[in-house]
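Observations on chain architecture
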Amino acid sequence: LLVVAVPLSHLPVGARATTPPAIAGRPASTVAEEIQAMETRWNEARAHADVATLDRILVDDWTVTHANGTTDSKAKYLGDLRSGARKFGGPVTVSDFVVRVYGDTAVAAGSSQSTVTLNGQPQGGALHFTRVYVKRNGAWRMIVTQATQR
């Protein structure tokens with residue numbers, strides 16, 4: 001297994017991205033950079049309640065399992081952001097970020113720190129996360145997210 005490091009210039013402070021060797025004729029670093037860019041857009045859109053961007057990133061049947069064990073659909077998660085029920089109190093920072101690519105599927109994992117409330121109750125915090133992306137019609141889309149406390 002060959003792991004390729006991606007330049008850190010596009011990742012939040014302390015983050016890194018790695019992938020296996022070239023997939024389907026594309027350099028591994030290029031695929032990792034695409035996923036890294038998706039992660040940056042994902043975190044910035046969540047922090048700013050940019051529902052339109054999130055809608056483009058997520059497949060329609062996307063789900064998230066939060067660190068407390070609850071699961072939300074895309075409609076529920078975006079609805080909570082849209083209504084203000086879910087609020088981010090600043091940026092999401094990422095560390096220990098790794099990308100593994102398997103053809104048209106990519107798995108991103110790492111650690112994050114965020115301040116989030118849902119209906120006034122704290123969520124977020126120090127988490128480990130795993131996200132799965134698939135390439136559909138030439139674009140990477142997130143299909144599932146899972147987080148645990150760290």
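Now for a look at the structure at hand. Since the model is a prediction, treat every value here as computed from it, not as a measurement.

Another aspect to go through is the pairing of strand 7 (residues 105-118). Relative to strand 7, strand 5 (residues 86-88) runs antiparallel, the two sharing 3 bridges. Considered in strand 7, the bridge of Lys87 is made with Thr117. Where strand 6 (residues 93-102) meets strand 7, 8 bridges bridge the pair, whose relative direction is antiparallel. Opposite Val101, over in strand 7, you have Ala106 as the bridge partner. Between strand 6 and strand 7, which pair antiparallel and follow one another directly, the connecting turn spans 2 residues, one of which, Gly103, has a positive phi of 65°. Bridge count between strand 7 and strand 8 (residues 121-136): 14 bridges; the pairing is antiparallel. Each residue of the ladder has a partner; that of Ser114, found in strand 8, is Gly125. Counted along the chain from strand 7 to the antiparallel partner strand 8, the turn is 2 residues long, and its residue Asn119 has a positive phi close to 55°.

Grouped together as the largest cluster of nonpolar side chains are 30 residues, with contacts concentrated most on Trp42, Trp62, Tyr77, Val99 and Tyr133. Sorting the residues of this core by element identifies helix 1 (28-47), helix 2 (51-57), strand 3 (58-65), helix 3 (74-83), strand 6, strand 7, strand 8 and strand 9 (139-149) as the ones contributing at least two each. The dominant element in this core, judged by the number of residues it contributes, is helix 1, at 7 residues. Beyond its immediate chain neighbours, meaning those up to four positions away, Tyr133 contacts Ile35, Met38, Glu39, Asp104, Thr105, Ala106, Ala108, Trp140, Arg141 and Met142.

Thresholds, definitions, all that
Residues numbered from 1 in each chain as written. Predicted model: local features only at pLDDT ≥ 70, side-chain atom pairs only at ≥ 80, totals over all residues. Heavy atoms only, no water. Pairing = 2+ DSSP bridges. Helix = DSSP H or I, 4+ residues; strand = E, 2+ residues; numbered from the N terminus. Core = buried A, V, L, I, M, F, W, Y, C linked by side-chain atoms within 4.5 Å. Buried < 20%, exposed > 50% of the residue type's maximum accessible area, 1.4 Å probe, protein only. Contact = heavy atoms within 4.5 Å.

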